[in-house]
Amino acid sequence: MSERKPLLEVDNVTLRFGGVVALDKVDFTLYEGEILGLIGPNGAGKTTCFNAMTGVYMPTDGAIRFRGQQISGKKRHKITKMGIARTFQNIRLFPEMTALENVQVGADAHNRGSVPSAMLRLPRFWQEERRGIKRAEELLEFVGIKGRTHELARNLPYGDQRRLEIARALATDPTLLCLDEPAAGFNPAEKVALLELIRKIRDSGVTVLLIEHDMRLVMGVTDRIVVLEFGKKIAEGTPAEVRDNPKVVAAYLGVPDAA
Amino acid sequence: MTDVQIKNGAPEPRGFTGKLNAMSKPGRWAAITALVALFYLMPLGWFADPPGFYNPLVTFSSDFGTVLFDAAIFVLLAIGLNVVVGFAGLLDLGYFGFFAVGAYAMALLTSPASKLITDYHWLDSPWPWLAALPVAIVITALTGVLLGWPTLRLRGDYLAIVTLGFAEMIRVIAVQSEWVLGGDRGISAIPHPPGEIGGEPIFGFVDPKPYYWLVLTVIIVVVFGVRNLARSRVGRAWVSIREDEDAAELMGVPTFKFKLWAFAIGATIGGLSGALWASKVNFMNSTTFSLENSILVLAAVILGGAGSIPGAILGGFLVAYVPEWLRGLGGFLGLDINTTEYRYLIFGLVLIVMMIFRPQGIWPNRRREAEIKDRQKEVAVGE
Amino acid sequence: MRQQLARVLGGVAVLALVAGGAAACKSDDATPGAGSKVCDLKLGFFGALTGDAAGLGIHMRNGVKLALEQYNKDNADCKVALEEYDSQGDPAKAPALATKAAGDTKVIGLVGPAFSGETEASLDTFKGANLPIITPSATRPSLSDKDWGVFHRGVGNDLAQGPAAGRYIKDVLKAEKVYVVDDQSAYGTGLATEVVKVLGTVAGQDKVQVKQVDFAATVAKIKASGATVLFFGGYYTEAGLLLKQAKAAGWNGVMVAGDGVNDANFIKVAGDAAAEGTVLTCPCAPATSAKGSFVADYKALINAEPGTYADVSYDVAKIFLEGIKAGKTTRADMLAFIDGYNGTGSATGVTYKFEKNGELDPTQVLVWAFEVKGGAVVPKVEIPKG
Amino acid sequence: MLLEIDNVTLHYGRIKALHGISIHVNEGEVVALIGANGAGKSTTMRAISGLRAISSGAIRFQGEDISKVRADLRVVKGICQSPEGRGVFPGMTVKENLEMGAYMRRDNAAIAEDMERVFTLFPRLKERIKQAGGTLSGGEQQMLAVGRALMGRPKLLLLDEPSMGLAPMLIQQIFNIITEINQQGTTVLVVEQNAQQALSRAHRAYVLETGNIVKEGSGADLLHDPAVKAAYLGVA
Amino acid sequence: MDFSELFRNFPELTTTGLTQGAIYALVALGYTLVYGVLRLINFAHSEVFMVGTFAAMWTWNALGFNQNLSPSGVLISAGVLIAGLLAAVAVSSATAVAVELTAYRPLRKRNAPPLAFLISAIGASFVIMEIIGIATDRAPYGNMPELVSNKPLFTILGAEITPVQIVIVVGALVMLVGLDWFINNTRLGRGVRAVAQDPDSAALMGVNKGRVIGLVFLLGGVMAGVAAVFANLKYGFTKFNLGFLFGLKAFTAAVLGGIGNLRGAVLGGLLLGLVENYASALVGTQFRDLVAFVVLIAVLMFRPTGILGESLGRARA
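Treat the numbers as computed from the prediction; the structure is a model and nothing was measured.

A look at the sheet that holds strand S10 (residues 212–218) of chain D
All names here are of chain D.
- Taken in spatial order, the 6 strands make up an open sheet running S6-S7-S8-S3-S9-S10, and their pairing is mixed. Strands with a single pairing partner mark the edges of an open sheet, and in this sheet they are strand S6 (79–82) and S10. With strand direction ignored, the average angle separating the axes of adjacent strands in the sheet is 15°.
- In this sheet, strand S7 (residues 156–160) lies alongside S6 in parallel orientation, the contact comprising 4 bridges. Paired with cysteine 80 across the two strands is leucine 157, which belongs to S7.
- Sheet strands touched by helix H6 (residues 138–150): S6 and S7. Its angle to S6, the strand with the most contacts, is close to 175°.

Concerning the arrangement of the chains
- With 7 pairs of chains in contact, the largest contact count belongs to chains A and B.
- If you take every C-alpha in chain A and every C-alpha in chain C, the smallest gap between them is 16 Å, and the two do not touch.

Comments concerning the packing of aromatic side chains
- Within the structure shown, the criterion is met by 37 aromatic pairs over all chains.
- When the centroid spacing of 5.8 Å and the interplanar angle of 50° are considered together, the rings of tyrosine 344 of chain B and phenylalanine 126 of chain E count as tilted. Of this pair, tyrosine 344 of chain B sits in helix H16 (residues 339–357) while phenylalanine 126 of chain E sits in helix H5 (residues 114–135), which puts the two residues in different chains. The exposure classification of tyrosine 344 of chain B matches that of phenylalanine 126 of chain E, with both residues buried.
- Site record: aromatic cluster; members linked through ring pairs are Phe96, Phe99, Tyr104, Trp277 and Phe289 of chain B.
- Over the aromatic face of phenylalanine 69 of chain B sits the side chain of lysine 280 of chain B, whose NZ or CZ is 5.2 Å from the ring centroid.

Some points on the side chain of lysine 239 of chain E
- On the secondary structure map, lysine 239 of chain E appears in the loop between helix H9 (209–235) and helix H10 (242–257).
- What lysine 239 of chain E contacts, discounting residues up to four positions off in sequence, is Asp52 of chain C together with Met50, Phe54, Arg138, Ala139 and Pro140 of chain E.

Things to note about the interface of chain B and chain A
- Contact residues are listed per partner, giving 42 residues for chain B and 50 residues for chain A.
- Summed over both sides, the interface between chain B and chain A buries roughly 4200 Å², with carbon and sulfur atoms accounting for 59% of that surface.
- Seen at the junction of chain B and chain A, the total is 5 salt bridges.
- Between aspartate 108 of chain A and arginine 236 of chain B there is a salt bridge, with the nearest N and O atoms lying 2.9 Å from each other.
- Taken together, chain B and chain A are joined by 12 residue pairs in polar contact (both at pLDDT 80 or more).
- Only helix H1 (15–22), helix H9 (209–230), helix H10 (233–243), helix H11 (245–250), helix H12 (255–281) and helix H17 (366–377) of chain B provide two or more residues apiece to the side of chain B that touches chain A.
- Looking at side-chain class alone, the side of chain B that touches chain A contains 19 nonpolar, 8 polar and 15 charged residues.

Examining the domain arrangement of chain C
All names here are of chain C.
- Per the domain assignment, the segments making up chain C are domain 1 (2–19 + 37–156 + 288–354) and domain 2 (159–282 + 367–382).
- Distance between the C-alpha centres of domain 1 and domain 2: 30 Å.
- Its largest share of buried area at the contact with domain 2, domain 1 owes to Leu56, Thr308 and Tyr309, together 37% of the area lost on that side.
- On the surface where domain 1 and domain 2 come into contact, there are 0 salt bridges.
- Residues that form the side of domain 1 that touches domain 2 fall into these classes: 5 nonpolar, 6 polar and 3 charged.

Details of a positive patch on the surface
- On the surface, Lys74, Lys75, Lys78, Lys81 and Arg112 of chain A together with Arg153 and Lys257 of chain B cluster together to form a positively charged patch.
- Here lysine 78 of chain A is to be found in helix H2 (residues 76–82).
- The class of lysine 78 of chain A is partly exposed, set by a relative accessible area of 44%.

As for the domain arrangement of chain A
All names here are of chain A.
- Taken domain by domain, chain A holds domain 1 (1–74 + 176–182 + 204–259) and domain 2 (89–173).
- For domain 1 and domain 2, the distance between their C-alpha centroids amounts to 28 Å.
- Each partner contributes residues to the interface: domain 1 has 6 residues there, and domain 2 has 5 residues.
- At the boundary of domain 1 with domain 2, total buried surface from both sides reaches about 550 Å², with 63% on carbon and sulfur atoms.
- Applying the counting rule to domain 1 against domain 2 returns 0 salt bridges.
- In this assembly, domain 1 and domain 2 are joined by 2 residue pairs in polar contact (both at pLDDT 80 or more).
- Looking at which element gives the most residues to the side of domain 1 that touches domain 2, the answer is strand S7 (residues 176–180), with 3 residues.

Concerning unusual backbone geometry
- Cis peptide bonds are those with omega within 30 degrees of zero, and the linkage from glycine 112 of chain C to proline 113 of chain C qualifies with -15°.
- Summarising the element assignment, proline 113 of chain C is placed in the loop between strand S3 (107–111) and helix H4 (116–129).
- Positive phi, normally seen in glycine, also occurs at lysine 211 of chain C, with a value near 80°.
- Given a relative accessible area of 28%, lysine 211 of chain C falls into the partly exposed group.
- A positive phi is found at asparagine 7 of chain D, a non-glycine position, where the angle reads about 55°.
- By secondary structure assignment, the location of asparagine 7 of chain D is in strand S1 (residues 3–12).
- Residue classification places asparagine 7 of chain D among the partly exposed residues on the basis of a relative accessible area of 45%.

Considerations on the nonpolar core
- With 347 residues, the main nonpolar core has Trp238, Trp277 and Met284 of chain B together with Phe266 of chain C as its most contacted residues.
- Here the element with the most residues in this core is helix H4 (residues 64–87) of chain B; it accounts for 18 residues.
- Look past the residues within four positions of methionine 284 of chain B in its chain and what remains in contact with it is Ala103, Tyr104, Ala107, Gly186, Ile187, Ile190, Trp277, Ala278 and Phe289 of chain B.

Basis of the calculations
Residues numbered from 1 in each chain as written. Chains lettered and ligands numbered in written order. Predicted model: local features only at pLDDT ≥ 70, side-chain atom pairs only at ≥ 80, totals over all residues. Heavy atoms only, no water. Pairing = 2+ DSSP bridges. Helix = DSSP H or I, 4+ residues; strand = E, 2+ residues; numbered from the N terminus. Axes fitted to C-alpha atoms, helices over the stretch in contact; angles between N-to-C directions. Contact = heavy atoms within 4.5 Å. Phe/Tyr/Trp six-rings, centres within 6.5 Å; stacked < 30°, edge-to-face > 60°. Buried < 20%, exposed > 50% of the residue type's maximum accessible area, 1.4 Å probe, protein only. Lys NZ or Arg CZ within 6 Å of the ring centre and 35° of its normal. Buried area = accessible area lost by both parts, 1.4 Å probe. Salt bridge = Lys/Arg side-chain N within 4 Å of Asp/Glu carboxyl O. Polar contact = N/O pair within 3.5 Å; in protein donor to acceptor, adjacent residues only side chain to side chain. Nonpolar A, V, L, I, M, F, W, Y, C, P; charged D, E, K, R; others polar. Domains from an automatic or database assignment. Patch = residues over 30% accessible without salt bridge, like charges linked within 9 Å, V, L, I, M, F, W, Y side chains within 5 Å. Areas by Shrake-Rupley, 256 points an atom, 1.4 Å probe, with all protein chains shown as cover. Lys, Arg positive; Asp, Glu negative; His and termini not counted. Charge placed at Lys NZ, Arg CZ, Asp CG, Glu CD. Core = buried A, V, L, I, M, F, W, Y, C linked by side-chain atoms within 4.5 Å.

Structure (structure tokens):
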């Protein structure tokens, strides 16, 4: 375990909005090849933390490093190109695009051909386009929604939209995939399938950061867990360690009725 | 797993890439070719004036050929603005400003009466038409970039007011009587495009048809270019920006760069139409560049259906054609009302009614149409 | 996509059927036989009837309308119709209308175009169709530079009026300090430039915008300059507002302006009190008895005071009508008739005799100074030629 | 029966969010609606309060079908909601927010009385009376949202995730207050993720999963139902 | 650049700038109110202002007063002025509400996209402008009695102050304070703020959104009507296309101050009035619009949501 290479370091990050402290000296490290769970009750600051990692917010204090490189302050699309991809808690697909096109947008992140090649249909355009479509189709198959390739994203069932978001994020060829409550609204069967998918993603060499409410899912799939509450890290460790931490039990599962 | 009812049957190939495969259908091409041929034939005797009939489509009080030319210029403008508003979702209220830049650039470079030659001596002699045209277009494209660079970070309505301000600034500069642009005195003797048939110049004063055909041809080329863009990485980037700018950025789309491209392409097309127009009219002055025209082009795009190229074409045509057609309608119907005076009143009413009953536009993009129809169901109770 | 195309093609087909079905009576072009009486001729009016500048254009159109009305009353068996070409004052809109007018062989002549810009944009077309035009109001001198043949100007150009206004300020008003303002229109700047040329030095100069309503900054400059005379090059709305605001701010000088301000609306906008004493130059002669009848007739027909250039429009329209009466029913005949015309307009008192380049015979161009007195424009003095 | 939701479906665009759910709330009850994120709990709330039109089925309140009644008129009928995410007006003071709760009432004396009652329930709010809603902490906003809903003197109080983002102490406090409100005679329908609290306080409860009611029963029964625990709490 | 001109006339430029700015501010409030609640630019608002100018002018003429016959005595003048004011307010607010009912409400019922609202508003603007244009022969209309004297009354710091300026500035202030009070302290005003801040929550409080929107148009119309009378007093003139000019400037002012923010609209209006006047002196009257837009763009570069920022809700801040 000591040989693990750090991929993403969240180094004492504080984030304030006006007077509200959303993150308070949060400090943890994500190692290559692992699945890290980030949990905490609603409003604990998980998504805020996520947003800081993907460049949506600038930390007020502290630093976030990806492979040793500072990412705070970098343009968001550059961060994506560095290898961090994400999904959203409240699905944010491009609703008027087909499933295939949604994934293509992700795949385009590494395409260089721009306006002239597209307008004049230069060989490079066809080359990139073909490659993009192939990659997108592969990914749709990988996440299990190949049958929906040409459906508009807005018309996909809820579960498939979640899967599509994952495919789109994977299309950017990330080293780190951040999933924000991917199982929200899933029934148990769907959750099991998702669990499989997350493992498959990790096995393909992508490090995964997972925000999730469903403890069983988190416990079942993650290697380590970081627990946030009110913007502070209150625990970190293996699922077993975290499960037995009384602070976590109190914060996350709610207080049993005193009466 | 499926919690949605989706129409059964094989998924129809849709969307940009889906259409790539379906494109070679001969039927569609035949239809498009026939339509294009009809457009080319429209100003000709038989279509404009079929023997023995009175063609009610022909404008009654203004020359049909020239109206077709003006409409074609508007179509070109609408196609350009559609890239900005329809594809990239950037509300531009000052698009006509680019038309002005293109027209003035062309006029200043080619007219012997240009102040650049007569007063400032920056040029020794007027440029040839073919050399000036690309330069005028490049100048407009640069203007687009120059305007877009600082302003495209603004969102929504703020961008709208800034672009509106830009168009007003261009107008105010154009009005300045003592400056290069000549103000109300304008610039005269703008040369026509070159070309002769049997010693007779193709492009003259009286016959508007060659100009119409020229612009029509340009439209076809531009439509192909824009369509190619729409069905590419660039088009996907635009749509993604329009639908969810933050998500697009986080998926690696350099949103600023593509917004700037949209602006520059829109500007280029605007400049192109301005340059072509300038070489037809021979004389231009500041009167033409009022804000109303920017608004009319925007109305054209939305009337036709934002985001749809055929919609932009139809919208551009209607916005230029309907008021001209209304001019002589009273006389045609044998009524003693002067429709000339009422034409903008009627046009305004048409805009309201259209937006109430067809907010997605006349010929919308299929996706947009579905979206807007769905929106209609998503209202709160009693709204 | 395919369905939509099919629908569009269907729509086109339906429209074609409608067009065929309409099969309305399309009368053949009347080819006027020589000498025979041609009774469906039209006289065109070309100018702004809608849009910002329509206030000017509508009165000109009405002047033409009055002339036609009177003619048709006397010639009920052979009427002449009015064809309107509403350019909105925009040169961009002019070509479609000019080409239409040129192509309509019934249109024997044209009163207009009203503004210099649209004239410039359409002269080639008129020339190509040999359609005679007399503009009642486009005063840019350069319009006659090229020997168009078809172009005629029913008023003196800026070169006649501008210097005259300058001389009036210098010689009659003997003003030491003159402030010059123009509205940046070709007309306004043209006059202002000529006035400044005559005066040599001025107390100050400013430019305003057409449609502007607040002139506070300009007024402050005028007051500070100590000018006793203000020359305004432009049209009546801005002139009225500027004068009103200047007087309100305590400026006590005299405004001098050109014929673009010679309109009842000027006094309406400025108010009788503020307008009092304003000097308006005009390349026209003072009221004759005939002019008296013009104003009354105009009021009877239109129910409004005649505006700027309504009288000129009336007079030049009558030139065409005289031609028709004289049997000039082709454009070529009409053109020859106008070129040889020599007669005095009843509304303006101007003698219309055209040079080869279409300008009024300079010996016939009189410039008079008028004055606003008691809410009306009254003639004052003819400004001597320079 | 105070509220009856009868076989209601609801669409977002083409996506069916509610698949024909039936729920009823009797006068005097506390009924809990539990389920995971995205299960359709908040959608159900929006359907009841009229923020979204339903596609089919009926919503009856005191026996009257209100599914076509505008949202603001449902408030007049006595349905008040503390919405998800609290929906506090950020630019209004605490007092103004509370006054907004009594927007459709004109009985000023009674309004003042109710405000005092809210302040008794949430003394914290009284301390912040002049502070803008947007500057309150999460817990205070939640109190404000609940208090504001009470200002309408509801016959039926809808609470959407009242425990969201609150510290355990506060969660308990909020639920104590809910119980208290109920005992004072207000019927309550509460949507919760914090199932343990909700189920232990509710007379009856429904479990919602991807737009379907999958279980219903008394709070206590569900609390000890291993299937509910497994599916929802994930700590079996 | 002519700084001497600016310095010499500074006091006078300031007073006239403030007077003009007060009119801009009143019109700007209409844009800002509607924007705050609907997030839409009400393009037809310029015409709401324009019809007000005609309503007042025609009322005065109908009462028998015109440029040659002004009422005598302060009381009668005030009475006549108020009659015109009432007419302008009534016509402007009726027009505003009519625009809402015909061009906005049907679209809202269908949940049309924002651009559709923009186009139908432009259509409404055309219709109103053309109706007045046709009715008035598109001529300027200036038959205005002198209701408030515009002769200097006294001098402050070198600036001559006229009763017209006092009436406009004080009147505008009263309207602004009144509106601010109404929005912040009345039940209906709270409803407006609630819808602006959170339409869904507002509905849950029993606020009738449709009525609030109607109210907002009405208030905007009232402000525009008052502005119309003030414009009449100041310029004694109107024209069918007068609205375009004032509308554009007022809209700019609203954005400058932070659209959706009532106090921002006032600040933006006054600022724009001053900037225009100073710029006229500094670089020439013909460049005043140019300078106004340059200032707007410069401000937006540094404060992308205007000087005071958005939100009707935070109007008290």
